[in-house]
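Chain by chain, the residues run as shown.
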Amino acid sequence: MTTILDTVVIGGGAMGSAAAWALSRRGRQVTLVEQFGPGHTIGASHGTTRNFNPGYHRPEYVAMVAESLDLWHELEQDSGETLLAPTGIVTHGPEPMLPDAAAALVQAGLRAEFLHPDEAGERWRGIRFDQQVLYMPDGGQLNPEAALPAFQRLAVARGADIRHHTKVVSFEVADDGVTLGLESAAGTEVVTAAQVVVTAGGWTGKLLGAAVGRRLRIPKLTVTQEQPAHFRVADPGAVWPGFNHYPGGSDYAGWYSPVYGMHTPGEGIKAGWHGVGPVVDPDRRSFQPEPVQLAALQDYARTWLPGVDADAFEAISCTYTTTPDEDFILDRIGPVVIGAGFSGHGFKFTPVVGRILADLATGTRPAPEIFSASR
Ligand SMILES: Cc1cc2nc3c(=O)[nH]c(=O)nc-3n(C[C@H](O)[C@H](O)[C@H](O)COP(=O)(O)OP(=O)(O)OC[C@H]3O[C@@H](n4cnc5c(N)ncnc54)[C@H](O)[C@@H]3O)c2cc1C
């Protein structure tokens, strides 16, 4: 016998949890299914820190930064959790879009100012600066390990059904709904949902599988295994903002990509290359760092992060799911709402992505055109 449901959210990572939260706030009957258990570390939303970096210049993203800040604070109120540590963000290096980002943020009512590298070096002595420094005081660190349970807890309080250890093993799209095969310890169950919200991270391509091409056309999704590391703090007195460093403008040649980083309380200073990890199948990962990139990251830390011990570190393993233009996919095709391709920069926008996916699922309003699946 097939169970009929209103909305099924596939994936209990950041985006699925936020979609369930946003839909439950509108009184929709929501069932979220997640293949693994709470707090698993196999996708993209684990750990205790992510940068809330406001440094965007395109209007759609700047508007989402401003709305996210409000919604994170609202979620903190509703959940009683502290989710955003207001450490500020500094972005440095010869990135031409920084002046545009500063102007766009100020216009949106957010703070942004350029500092001389010497002044920045005095304020944040754990980091070496040699070029323009954009300081964004409204930035900080978000805590996924507190945020995901908060989204889910509030959704359950409003009637959502959250099922961990429940995997979608078949996915059939029809005009009037989607039929899903669910596998759990209780066995296999077939459900039909009026609509589904697909927030399956690195597994999106696999899940949509045959449906893509027949009914669904979406940009290519590339899954990579990213490998930042937590370096031991060598200067306990140093104050740490979140940071981003763009290559160039100096004689340093050890770059793989821009670097991002932050202080993770109790674990050290996280630093990582952006989006250059090996391409992987999310079900067949090594969870081991690629040694050459890791050595280059240590060299970066030795050169640019005087506040850490570059030889004492813990490697981290996590997945990016990246689109060719690094813009998200937020769209609806028939009964299928898709939230995918967050390209290593989605966490800060989680509550707004939840709002947009709920808008798409309830037909309230379309997502910004830059996120369309058919672009
Ligand atoms: C190392 C690293 C650093 C990052 N740093 C930042 C940062 O500083 N700032 C920032 O804004 N963003 C950052 N990000 C990006 C951010 O973490 C991601 O964009 C976000 O977590 C993506 O969430 P998601 O829900 O799409 O994916 P996921 O968390 O991977 O969730 C997808 C879920 O779907 C489930 N699933 C898949 N298939 C099925 C199925 N068939 N049945 C049931 N469940 C299924 C999976 O088990 C998984 O739990 C970083 C990402 C990484 C990896």
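Everything in this summary refers to the structure shown in the same document.

Quick notes on the rules
- Residues numbered from 1 in each chain as written.
- Predicted model: local features only at pLDDT ≥ 70, side-chain atom pairs only at ≥ 80, totals over all residues.
- Heavy atoms only, no water.
- Helix = DSSP H or I, 4+ residues; strand = E, 2+ residues; numbered from the N terminus.
- Rg over C-alpha atoms; globule rule 2.2 N^0.38 Å.
- Contact = heavy atoms within 4.5 Å.
- Areas by Shrake-Rupley, 256 points an atom, 1.4 Å probe, with all protein chains shown as cover.
- Lys, Arg positive; Asp, Glu negative; His and termini not counted.
- Charge placed at Lys NZ, Arg CZ, Asp CG, Glu CD.
- Pairing = 2+ DSSP bridges.
- Axes fitted to C-alpha atoms, helices over the stretch in contact; angles between N-to-C directions.
- Phe/Tyr/Trp six-rings, centres within 6.5 Å; stacked < 30°, edge-to-face > 60°.
- Buried < 20%, exposed > 50% of the residue type's maximum accessible area, 1.4 Å probe, protein only.
- Lys NZ or Arg CZ within 6 Å of the ring centre and 35° of its normal.

1. Describing the overall build of the protein chain
Now for step 1: For the protein chain, the count of helices and strands is 9 helices and 21 strands.
Now for step 2: A compact globule built from 375 residues should have a C-alpha radius of gyration of about 21 Å, and the protein chain, at 21 Å, falls within 12% of that.
Now for step 3: Taken along its principal axes, the extent of the C-alpha atoms in the protein chain is 70 × 45 × 40 Å.
Now for step 4: Long-range pairs, those at least 24 residues apart, make up 73% of the contacts in the protein chain between residues at least 6 apart in sequence.
Now for step 5: Split by element, the accessible area of the protein chain, about 15100 Å² in all, is 53% carbon and sulfur.
Now for step 6: When the 28 positive and 41 negative side-chain charges of the protein chain are each reduced to one mean point, those points stand 5 Å apart.

2. Here we look at the sheet that holds strand β5 (residues 89–92)
Now for step 1: Here we have 8 strands laid out as an open sheet, ordered β6-β7-β5-β15-β16-β17-β14-β18, and mixed in their pairing. Of all the strands in the sheet, just β6 (113–115) and β18 (308–315) have a single pairing partner and so form its edges. Across the sheet, the mean angle separating the axes of adjacent strands is 25° when strand polarity is ignored.
Now for step 2: Two strands pair when backbone bridges link them, and strand β14 (residues 229–233) and strand β17 (residues 268–273) are joined in this way by 3 bridges, in the antiparallel orientation. Along β17, the bridge assignment pairs His230 with Lys270.
Now for step 3: Across the sheet, helix α8 (residues 291–304) touches β14, β15 (242–245), β16 (259–264), β17 and β18, and the angle it forms with β18 is around 145°.

3. Things to note about the packing of aromatic side chains
To describe a pair of aromatic rings, one takes the distance between the centres and the angle between the planes.
Now for step 1: Across all of its chains, the model carries 24 aromatic pairs by this definition.
Now for step 2: With centroids separated by 5.2 Å and ring planes inclined at 65°, the aromatic side chains of Tyr56 and Phe349 adopt a geometry described as edge-to-face. You can see Tyr56 sitting in the loop between β3 (50–52) and α2 (59–79) and its partner Phe349 sitting in the loop between β21 (336–340) and α9 (350–362), a full 293 residues away along the chain. When sorted by exposure, Tyr56 lands in the same class as Phe349, which is buried.
Now for step 3: With a centroid separation of 5.1 Å and an interplanar angle of 55°, the aromatic rings of Trp124 and Tyr135 are classed as tilted. Here the residue Trp124 occupies a position in the loop between α4 (117–123) and β7 (133–136), and Tyr135 occupies one in strand β7, the gap between them amounting to 11 residues.
Now for step 4: On the accessibility criterion, Trp124 (4% relative accessible area) is buried.
Now for step 5: The exposure class of Tyr135 is buried, given its relative accessible area of 12%.
Now for step 6: Each member of the aromatic cluster is reached from another via a ring pair, and the members are Tyr56, Tyr61, Phe328, Phe342, Phe349 and Phe371.
Now for step 7: Seen from the ring of Phe347, Arg50 lies directly overhead, with NZ or CZ sitting 6.0 Å from the centre.

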